[in-house]
Each structure stands twice: as C-alpha cells, then as structure tokens.
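A closer look at the structure
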Amino acid sequence: GMAFTLCDKNAGRYEVTIPAMGRHNVANALAAYAAATRLGLAPEGVIAGLADFEQTGMRQKVVHAGSMDVIEDCYNANPVSMKASLDVLKEAKGRKVAVLGDMGELGTDGAALHAEVGTHAGTCGIDALYCAGPLCEHLAKAAKEADSKLEVRHFADRESLMAELPKLLQDGDQILVKASHFMEYGKIVEMLETAQKL
C-alpha cells in the first residue's frame, strides 16, 4: 500500500494509509477525500474509509505465486495506466518483470502510443519485458531502443507468451501482468498461480 500525510487547511493533518499501490492512487485518495469532506462527511470517517478501500477484481491486485509476487492489473489498460503500473513495478524489490499486452481502443494512434509506453518501460528501471500482441511489437521495439540492455521478448499472441513464460521467470521475481481486458491476461495470472501450487 501507500502511506502519506494529508494536509487539509480546514481540518488539519492526517497520516493516511491506503491498501493500494502507486502514487496515482494517492491522487485518487486525495480526490475522494476532497469530494467527501466537501459534501459534509467528517474527515476522520473519510480517512477510515480510505484505509478500508478494496481494489476491485484484476486492478493492481497482488497475487502470491510461490516465491513470486504478481501484480494482476488485467482489467483494462491505456497509456497512462500502463506507465503508472510500470512505475509501481519499478519500486518492487527483486527482479522486476513486466508482462504486457496490447491496449485497445486507441484509434489511429495505437502504434505510436504503444511505442510511447515502450520508451517508458525502457527507461523506468525494470529488468525484463515480455509482451504479446500485434501492437506490442511497437512497444517492444521502443523499449529496446530506449535500453539496449533490457531483456525484451515479443510474442505474436498470448498463447505463445504463455508457452514460454515459465522458462523465462525466476524465483523471487516481481511481475506486473497488464493488458486491456480483451487480451485475457487473467489467464496468465491463473497459470502462474496454478503452476506454483503443483
């Protein structure tokens, strides 16, 4: 999760902890606090509510798969959320692996926006990038151009990625799994969980 100090000029300072990762979720919590208190709710009650916040399914949910931790973020994806999730991953301890898939509904800018995410992936301090999908080819190429030492593998589709992924991962890896929902990347998380239970 995230811990931060909330300063409200009308109500004082509060130490807040939210069970969600990433600076973007701090911004979301601050927006929720501002809206709720301006509607008349007591600051202390809002702070308590933030501490009890629960992520909905497939949105930055941490799944333990043996010695690996998987950040399951497969509900949806866009360039902003992809970059934010990569920023969450870069703060993890251990080998940082991004398993990414195509982002949908980007129109004619799809290739350029995937390349933009790839550049971010290549400069944010992760150790490996494994991705699948036709648009992710642009992402993989841009990531490799941004960091020639980054381990990058691109696969034609999710099934091809799933066939190779167990051989690519290592004990203790911290793994982000993220793609638009149509890519069905939840199946990758299920595979990793199941394999670790055998």
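Residues numbered from 1 in each chain as written. Predicted model: local features only at pLDDT ≥ 70, side-chain atom pairs only at ≥ 80, totals over all residues. Heavy atoms only, no water.

**A word on the overall build of the chain**
Along its length, the chain carries seven helices and eight strands. Whereas a compact globule of 198 residues would reach a radius of gyration of roughly 16 Å, the chain reaches 18 Å, a difference of no more than 12%. If you line up the chain on its principal axes, its C-alpha atoms span 55 × 45 × 30 Å. A burial count over the chain gives 45% of its 198 residues as buried. (Helix = DSSP H or I, 4+ residues; strand = E, 2+ residues; numbered from the N terminus. Rg over C-alpha atoms; globule rule 2.2 N^0.38 Å. Buried < 20%, exposed > 50% of the residue type's maximum accessible area, 1.4 Å probe, protein only.)

**As for the packing of helix H3 (residues 79-90) against helix H4 (residues 110-123)**
Relative to each other, H3 and H4 sit at 10°, their axes nearing to 10 Å. Classed by the angle they form, the pair H3 and H4 counts as roughly parallel. When the axes of H3 and H4 are compared, the crossing they make is right-handed. Facing Pro79, Met82, Lys83, Leu86 and Asp87 of H3, the residues of H4 in contact are Leu113, Glu116, Val117, His120 and Ala121. (Axes fitted to C-alpha atoms, helices over the stretch in contact; angles between N-to-C directions. Parallel < 35°, antiparallel > 145°, perpendicular 65-115°, else oblique. Left-handed = near helix turned anticlockwise from the far one by under 90°. Contact = heavy atoms within 4.5 Å.)

**Some thoughts on H3**
Counted at 1.5 Å a residue, the expected span for H3 with its twelve residues is 16 Å, and the 17 Å between its end C-alpha atoms agrees. Looking at the buried residues of H3, the elements they touch are helix H1 (23-38), strand S4 (68-73), strand S5 (96-101), H4 and strand S8 (174-178). Looking at where H3 begins, the residue whose side-chain oxygen comes 3.0 Å from the main-chain nitrogen of Val80 is Asn78. (Expected span 1.5 Å × (residues − 1). Polar contact = N/O pair within 3.5 Å; in protein donor to acceptor, adjacent residues only side chain to side chain.)

**Some words on the pattern of salt bridges**
As enumerated under the stated definition, the model contains ten salt bridges in all. Here Lys167 ties to Glu164 by a salt bridge, and the two come within 3.3 Å at their closest N and O atoms. In this pair, Lys167 and Glu164 both sit in helix H6 (residues 158-168), three residues apart, roughly one turn of the helix. The salt bridge involving Glu184 is made with Lys187; its shortest N-O contact spans 3.4 Å. Owing to a relative accessible area of 39%, Glu184 belongs among the partly exposed residues under this scheme. A relative accessible area of 37% places Lys187 in the partly exposed class. Within this structure, Arg158, Glu159, Glu184 and Lys187 form a network of salt bridges that share partners. (Salt bridge = Lys/Arg side-chain N within 4 Å of Asp/Glu carboxyl O.)

**Focus on unusual backbone geometry**
Although it is not a glycine, Glu105 adopts a positive phi angle of roughly 60°. Here Glu105 is to be found in the loop between S5 and H4.

**Quick word on the environment of Val97**
Note on placement: Val97 falls in strand S5. For the pair Val97 and Ile175, spaced 78 residues apart in sequence, the C-alpha to C-alpha distance is 4.7 Å. The contact partners of Val97, leaving out residues within four places of it in the chain, are Leu89, Ala128, Tyr130, Leu169, Asp173, Gln174, Ile175 and Leu176.

**Considerations on the packing of H1 against helix H2 (residues 43-51)**
For the pair H1 and H2, interaxial distance at closest approach is 10 Å and the crossing angle is 145°. Pair H1 / H2 crosses with right-handed handedness. Across from Ala29, Ala32, Tyr33, Ala36 and Thr37 in H1, the residues of H2 making contact are Pro43, Val46, Ile47 and Leu50. Looking at the contact of H1 with H2 residue by residue, the classes come out as eight nonpolar, one polar and no charged. (Nonpolar A, V, L, I, M, F, W, Y, C, P; charged D, E, K, R; others polar.)

**Focus on helix H5 (residues 136-146)**
Buried within H5 we find Cys136, Leu139, Ala140, Ala142 and Ala143. Within H5, the buried residues cover an arc of 170° as seen down the axis, which keeps them to one side. Facing away from the buried side of H5 by over 90 degrees, the exposed positions are Lys141 and Glu145. Against the buried residues of H5 lie S5, H4, strand S6 (128-132) and strand S7 (151-155). (Arc of directions from axis to C-beta.)

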